Amino acid sequence: MSKITRRKFLAGSMAGGAAIAMAPTKKAFGANLEGFPDGMGVLVDMTRCVGCRSCEAACNKEQNLPEPDKSFDDYSVFDERPHGHYRRPTEKAYTVVNRYDPVDEQPVYRKIQCNHCNEPACLTSCFVNAYTKTPEGAVIYNDKVCVGCRNCMIACPFGIPAYSYSSAINPIIKKCIFCYDTRLKNGQTPACVEACPQQVMVFGKRKELIKIAHDRIRRSPVKYVDQVYGEKEVGGTGWLYLSGVPFQEAGFNISLPSEPIINNVKDFLAIVPMVLAIWPALFTGFHLLATKGKSHGHGDDHSHDGQEEH
Amino acid sequence: MKKLAANGIKPHDAEMKADGRKFSLMEKLLLGLTLDQYVQQVIRNKFNWLLALIFVVGIPLIIYRFIFGLGVVTHSSYDYPWGLFLGFGLFCMVPLSASGFMLGTTVEIFGRHDFEPIERLALLNGLLGYFFAVVYLLVDLGQPWRLAYPMVYSFGPAAVLFLVGWHVATYLSVQVAEVSTAFFEWIGFRRGYEFIRKGTIGLTVSGIILSTLHQGALGALFVYAPGKVHPLWYSASFQWIHFFVSSIPAGLCMVICVSTVVIYTMKWRCDQRFIDSLDRITISLAKGASMGLFTYLFIKLLAVAHDNEWAYLATGWGAWWLFEMFFGVILALIVLGVGIHHKSVALCRLGALITVLGILLNRLNTALIAFNWNLYPEIPHIFEVIISITIFAIYVTTYRFILNRLPILYQFKSRAEA
Ligand code: SF4
Ligand code: SF4
Ligand code: SF4
């Protein structure tokens, strides 16, 4: 009995060894990203937001975005429902504020922009690695390598990246970059955060923001829902939200897993080295078995070249 | 061509003419007809008129898209970044082209030489399907001239699409090599032919590996979007298996469908060996396809059970899912089963057609219809539809052009036999 177990064990480790030997040739699929411990983030306290849209205006200016269709002091945008849904960031607006009307409550305003995930789905889905999570916490994008497959738009669980379809020669992804080039890199506060007249947003280290958020909840348990959105969602996000109404009533997707999106793909990525290692031996074996004792080799009777003299 | 054949004119099918001279390239291209005869038979064929009509409308639209950008031919949706070009062109064309590796395996690996008459058709079907999937991709990419970036310039190896890109590119070259034997015969380059034939086993095995992985990878692409794809079409652990397993009946049934079209419209081009063995092969392929379909049905149900999604079946989406399963899988299985049992080639062909439609429905559901199920449905822009049809028409034209000429449906008579 011990013999059999031993042989089985050996066979198993052989296959495993081959799999490992093959793996590096395929450049470490399923690379894991560790979040940066000192990454920055922003805590958005929705109970303070009055929907003035100053942040939208500030972002527009900071990022040199085109004139908006309606000016930033026009509040009729809150009633717009493109495709029957609330507004979302577009190629012309990296951030938008929406008004939600929960039953029996004051309206709630929510600012939407890239959440700068710890393990961004956009980044892991991109086959040219156009995205980078910087140590400062921003998820930035390199338009020089982007091929325009738009897989990142499929993958982002928050529906953030937009695409400049209208450009024929240089269409690119457009999304909030945490004001990386102009501000974050130098440790400065993002434009939208700075512009807010209500101090809705706090800019700081993500680690500390989480403490502040829980502090606020502890001090005013009646005012806040006991949850910090973004603390756990899809592996944690750099931007975090506090709310006075249940998050789904402010349009948040509360069905997101707490695992990063890339974890879903790991099942598949794990089989890649196995297939690479096992299939060649398996099918060559099949071939030898299936054609053993047959004389016609590879069955070249497409050409009848038997008559040729070599 | 039928008429010409009735007048005793034989299409070009050998290296040498009856009088012992070699065919020139021009003669080969014109199928051994004179220019007049060739042009006349092209004009006589009504199907060519339809194709011409599609090209007249569609080709300017494709040019229009490249001059003015994607924005003018699509709805520029941020929520549906992948429209028909990928939903149909990539996600449907690739499984329907799994035939190459399936029959390559059967003939070359398992030594089932009784399938040989159809092997080349299956290989060609695979090659063209992949090639045109890439054409669709080129139309869809924002910056298609950067297509080679993931291969040579900037790598995102953790991305499933990276794997798809590499594999489709490698597999295309493998398929070019496999089909090139037919081309080398036709053009009269014996050395090349023999060189490739020696590597057949290697090519076939790499075909199996690449196919397993990228057929599955196409499914795994949607695993990035939990919550966007409706749970009934989504399965984190099984998605790649679903896509891989369903590509088996898809590829086999596509070959049955194509061979049916061929035998009815291009019989003049088929040799006796092909005509005589087609009925037998069709039934055998149908057997293979029904086994694949059965496995597929089983793992589809397994996934629903695994994620405990039975409750969704009672909703409208559930009804649509059940329709897909009943029509595309169960009905197809029944028709194929009856066809196999009664050795009815016609029923097997009908079953194959249903299977192909079922796979189309499944891929379109996953990529477009049940995608963003909790947002809004997206109806593709009319130009997007026309361009998709046009590319498909180019595919059909190329397919016919090659079938008419290269020794796919017939065996090339080399010098020794002519
Ligand atoms: S919110 Fe979306 S775009 Fe922003 S980092 Fe996360 S996945 Fe990427
Ligand atoms: S669209 Fe660009 S950034 Fe997005 S996944 Fe494709 S190549 Fe990467
Ligand atoms: S962080 Fe900068 S880019 Fe992002 S929404 Fe605010 S202003 Fe715009």
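The name that an unreviewed UniProt entry assigns to chain B is Polysulfide reductase, with the source organism given as Pelovirga terrestris. Under the UniProt heading Subcellular location (unreviewed entry), the entry covering chain B gives this text: "Cell membrane".

### Concerning the layout of surface pockets
A probe as big as a water molecule, rolled over the atoms, marks out the empty space that is left. Residue and element names in this part refer to chain B. Considered as a void within the structure, the second largest pocket measures approximately 1200 Å³ in volume. Lining the second largest pocket are 41 residues, with Phe-47, Val-261, Thr-265, Val-396 and Arg-400 sitting closest to its centre. Every element with two or more residues in the lining of the second largest pocket is listed here: helix H1 (2-6), helix H3 (35-44), helix H4 (46-68), helix H13 (239-265), helix H16 (345-369) and helix H17 (382-405). The element best represented in the lining of the second largest pocket is H17, accounting for 10 residues. Classifying every residue of the lining of the second largest pocket gives 29 nonpolar, 6 polar and 6 charged.

### As for the interface of chain B and chain A
On the side of chain A, 73 residues touch chain B, which itself brings 77 residues to the contact. Buried area between chain B and chain A, summed over both chains or domains, comes out near 6700 Å², and the portion from carbon and sulfur atoms is 61%. The interface formed by chain B and chain A includes 2 salt bridges. Among the ionic pairs, Asp-79 of chain B bridges to Arg-88 of chain A, the shortest N-O distance being 2.9 Å. If you look at where chain B meets chain A, you find 19 residue pairs in polar contact (both at pLDDT 80 or more). Per-element tally for the side of chain B that touches chain A: the top contributor is helix H12 (residues 200-220) of chain B, with 9 residues. Residue composition of the side of chain B that touches chain A, grouped by class: 44 nonpolar, 19 polar and 14 charged.

### Considerations on the pattern of salt bridges
Residues and elements named next belong to chain A. This structure, assessed with the given rule, holds 18 salt bridges over all chains. Here Asp-45 ties to Arg-48 by a salt bridge, and the two come within 3.6 Å at their closest N and O atoms. Judged by relative accessible area, which is 30%, Arg-48 ranks as partly exposed. Asp-79 is paired through a salt bridge with Arg-99; the nearest N and O atoms lie 2.9 Å apart. Placement of the pair is Asp-79 in the loop between helix H2 (54-62) and strand E2 (96-100) and Arg-99 in strand E2, with a sequence separation of 20 residues. A residue is classified by how much of its surface remains accessible, and Arg-99, at 18% relative accessible area, is buried. What emerges from the salt-bridge pattern is a single network uniting Asp-38, Lys-205 and Lys-207.

### Examining the site of ligand 3
What surrounds ligand 3 is a group of 13 residues, the closest being Cys-59, Gln-63, Cys-176, Cys-179 and Cys-192 of chain A. Of the residues contributing to the shell around ligand 3, the split by class is 9 nonpolar, 3 polar and 1 charged.

### Side note on the site of ligand 2
Cys-126, Cys-146, Cys-149, Arg-150 and Cys-152 of chain A are the nearest of the 13 residues found near ligand 2. In terms of residue class, the shell around ligand 2 is made up of 10 nonpolar, 2 polar and 1 charged.

### A closer look at the sheet that holds strand E9 (residues 239-242) of chain A
Sheet strands line up and pair through hydrogen bonds in the backbone, either parallel or antiparallel. All names here are of chain A. On the basis of which strands lie adjacent, the open sheet formed by 3 strands has the order E8-E1-E9 and mixed pairing. Each of the sheet's edge strands pairs with one partner strand only, and the pair in question is strand E8 (201-205) and E9. The average undirected angle you get between the axes of adjacent strands in this sheet is 25 degrees. Here strand E1 (residues 40-45) runs beside E9; their pairing, made up of 4 bridges, is parallel. Residue pairing in the sheet places Val-42 in a bridge with Trp-239 of E9.

### Digging into helix H7 (residues 99-109) of chain B
Residues and elements named next belong to chain B. Among the 11 residues that make up H7, 11 are buried, leaving the element largely enclosed by the rest of the structure. Listed as buried for H7 are Ser-99, Gly-100, Phe-101, Met-102, Leu-103, Gly-104, Thr-105, Thr-106, Val-107, Glu-108 and Ile-109. Gly-111 sits one or two positions beyond H7 and adopts a positive phi of about 65 degrees.

### With respect to the nonpolar core
If you look at the biggest cluster of nonpolar residues, it comprises 213 residues, and the most contacted ones within it are Phe-268 of chain A together with Phe-91 and Val-160 of chain B. With 15 residues, H13 of chain B is the single largest residue contributor to this core. Here this core spans two domains, since at least three of its residues come from each of domain 1 (2-27 + 271-294) and domain 2 (40-259) of chain A. Beyond its immediate chain neighbours, meaning those up to four positions away, Phe-91 of chain B contacts Trp-82, Leu-86, Leu-218, Leu-221, Phe-222, Phe-243, Arg-363 and Ala-367 of chain B. Within the second largest apolar cluster, 9 residues are counted, among which are Leu-43, Leu-209, Val-228 and Leu-242 of chain A.

### Digging into the packing of aromatic side chains
How two aromatic rings sit relative to each other is given by the distance of their centres and the angle of their planes. Applying the stated criterion across every chain yields a total of 34 aromatic pairs over all chains. Ring plane angle 10 degrees and centroid distance 5.6 Å describe the contact between Phe-323 of chain B and Phe-327 of chain B, whose orientation is recorded as stacked. Here Phe-323 of chain B pairs with Phe-327 of chain B, and both are found in helix H15 (residues 316-341), just 4 residues apart, close to one helical turn. By relative accessible area, Phe-323 of chain B is classed as partly exposed at 39%. Take Phe-327 of chain B: its relative accessible area is 25%, and that puts it in the partly exposed class. Positioned above the aromatic ring of Tyr-163 of chain A, the side-chain terminus of Arg-150 of chain A is 5.4 Å from the ring centre. Against the face of Phe-243 of chain B rests Arg-363 of chain B, its NZ or CZ located 4.0 Å from the ring centre.

Thresholds, definitions, all that
- Residues numbered from 1 in each chain as written.
- Chains lettered and ligands numbered in written order.
- Predicted model: local features only at pLDDT ≥ 70, side-chain atom pairs only at ≥ 80, totals over all residues.
- Heavy atoms only, no water.
- UniProt positions renumbered as here; feature names shortened; annotations may be inferred.
- 1 Å grid on protein atoms, 1.4 Å probe; cavity = no way out; pocket = protein on both sides within 12 Å on 5 of 7 lines; lining within 4 Å.
- Points joined across faces, edges and corners; volume = space filled by probe spheres on them.
- Helix = DSSP H or I, 4+ residues; strand = E, 2+ residues; numbered from the N terminus.
- Nonpolar A, V, L, I, M, F, W, Y, C, P; charged D, E, K, R; others polar.
- Contact = heavy atoms within 4.5 Å.
- Buried area = accessible area lost by both parts, 1.4 Å probe.
- Salt bridge = Lys/Arg side-chain N within 4 Å of Asp/Glu carboxyl O.
- Polar contact = N/O pair within 3.5 Å; in protein donor to acceptor, adjacent residues only side chain to side chain.
- Buried < 20%, exposed > 50% of the residue type's maximum accessible area, 1.4 Å probe, protein only.
- Near = heavy atom within 4 Å.
- Pairing = 2+ DSSP bridges.
- Axes fitted to C-alpha atoms, helices over the stretch in contact; angles between N-to-C directions.
- Core = buried A, V, L, I, M, F, W, Y, C linked by side-chain atoms within 4.5 Å.
- Domains from an automatic or database assignment.
- Phe/Tyr/Trp six-rings, centres within 6.5 Å; stacked < 30°, edge-to-face > 60°.
- Lys NZ or Arg CZ within 6 Å of the ring centre and 35° of its normal.

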